[in-house]
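Notes for the structure review
Below, each chain spelled out in residue letters.
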Amino acid sequence: MTRPPSARALTVLARWFLGTVLITWRYLWDTTPLHRGGERQGDASDRPPHLPPEAVDDRVQLAEDGCGPMFHRLFRVRIASAEIDVCQLIERVCHDFENFVPSEVVGIRIGELREQGLDVADELLVEMPGPWNGPVRVVHRAPGCLHLVTLRGHMEAGQVQFRARDEDDLLTFEIELWACPASRLVHLLYSRLRLAKEIQLNMWVRFCLSAAAISGGRPVDGVHISTRRLQSPGRTLAPPASGTKKAP
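First things first, this report covers the structure right here in the doc.

Some thoughts on the overall build of the protein
Secondary structure assignment for the protein yields four helices and ten strands. For the protein, the α and β elements follow one another from N to C terminus as α-β-β-β-α-β-β-β-β-β-β-α-α-β. The burial tally for the protein puts 50% of its 248 residues in the buried class. A separation threshold of at least 6 residues defines the contact pool for the protein, and within that pool the share at least 24 residues apart is 68%.

Now the structure itself:
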């Protein structure tokens, strides 16, 4: 049953006030090692992956549609003793996306999924603290990879990939993002006051730790985070890239 607008508004307000307090509290007391590495100047290698023209319509919100610099961020967790493999972990992301995010702060609304879970052209709405929701669309799915693009109304303009791979007897899970603030207000909160940036960091760190827990394994060395800043993202319409980009 769909919640009435008033109930949804109250939920968003609760996430904004209570969720932000909870994020701050957990950030101060969380013992998970976070290897942040600071923020570095990016270059042409930090541009978003190419998207095929058929994946882009007037609802898609690309990085060049945003306001201010583009941030290329990579979140990585290495998992020991995982009980599932690379493909199974991404399958879990596609079927149970809402179980990976901090539900006390973030809500996920997805339409009726097919048997295979999230797939190309499917859309979901990420309800986040603040006056913004985060509509996104799946533009690519493959074994070990799920690729989303933001839609109009999202607080960011860009793309995000969820990936998993085997590496040195460990299961490595990564979230890679290429995004600009969608408006001047978000630019202020994200780039200047850093509030939205810290909320985003907490959500993706929790996503990585949930991936480790759902895999049945344990994080080896906390969560590694890299951030690179690029002044001009540029347009990226072309056939999909054969490989995936890596942040240094």
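A few points about the pairing of strand 6 (residues 133–142)
Judged by how many residues are buried, strand 6 sits mostly within the fold: seven of ten residues are covered. Direction of pairing for strand 5 (residues 123–127) relative to strand 6: antiparallel, over a ladder of five bridges. Bridge pairing in strand 6 places Glu-123 opposite Arg-137.

Points about a negative patch on the surface
A grouping of Asp-85, Asp-166, Asp-168 and Asp-169 is seen on the molecular surface, where their side chains present a negatively charged patch. If you trace the backbone, Asp-166 turns up in strand 8 (residues 156–167).

A short note on the nonpolar core
Phe-75, Phe-97, Phe-162, Phe-173, Ile-175 and Phe-207 are the most contacted members of the largest nonpolar core, which has 42 residues in total. Considering every element that reaches this core, the biggest residue donor is helix 4 (residues 195–215), with nine residues. Residues Ala-55, Val-60, Leu-62 and Val-149 belong to the second largest nonpolar core, which totals seven residues.

Digging into the state of the cysteines
Across all of its chains, the model carries zero disulfides by this definition. The thiol sulfur of Cys-67 is not disulfide-bonded, and the nearest other cysteine sulfur, from Cys-180, lies at 8.7 Å.

Quick notes on the pattern of salt bridges
Following the criterion strictly, the structure yields 16 salt bridges and no others. The closest approach of N and O atoms between Arg-92 and Asp-96, which form a salt bridge, is 3.2 Å. In this structure, Asp-122 and Arg-114 form a salt bridge, with 2.9 Å as the shortest nitrogen-oxygen distance. What you see here is one network of salt bridges that share partners, running through Arg-76, Arg-163, Arg-165, Glu-167, Glu-174 and Glu-176.

Structural notes on the side chain of Thr-227
By secondary structure assignment, the location of Thr-227 is in strand 10 (residues 218–230). Since its relative accessible area comes to 6%, Thr-227 is described here as buried. A distance of 3.2 Å separates a polar atom in the side chain of Thr-227 from a polar atom in the side chain of Arg-73.

Here is what the cut-offs are and how they apply
Residues numbered from 1 in each chain as written. Predicted model: local features only at pLDDT ≥ 70, side-chain atom pairs only at ≥ 80, totals over all residues. Heavy atoms only, no water. Helix = DSSP H or I, 4+ residues; strand = E, 2+ residues; numbered from the N terminus. Buried < 20%, exposed > 50% of the residue type's maximum accessible area, 1.4 Å probe, protein only. Contact = heavy atoms within 4.5 Å. Pairing = 2+ DSSP bridges. Patch = residues over 30% accessible without salt bridge, like charges linked within 9 Å, V, L, I, M, F, W, Y side chains within 5 Å. Areas by Shrake-Rupley, 256 points an atom, 1.4 Å probe, with all protein chains shown as cover. Salt bridge = Lys/Arg side-chain N within 4 Å of Asp/Glu carboxyl O. Lys, Arg positive; Asp, Glu negative; His and termini not counted. Charge placed at Lys NZ, Arg CZ, Asp CG, Glu CD. Core = buried A, V, L, I, M, F, W, Y, C linked by side-chain atoms within 4.5 Å. Disulfide = S-S within 2.5 Å. Polar contact = N/O pair within 3.5 Å; in protein donor to acceptor, adjacent residues only side chain to side chain.

These values are about where atoms sit, not about what they do.
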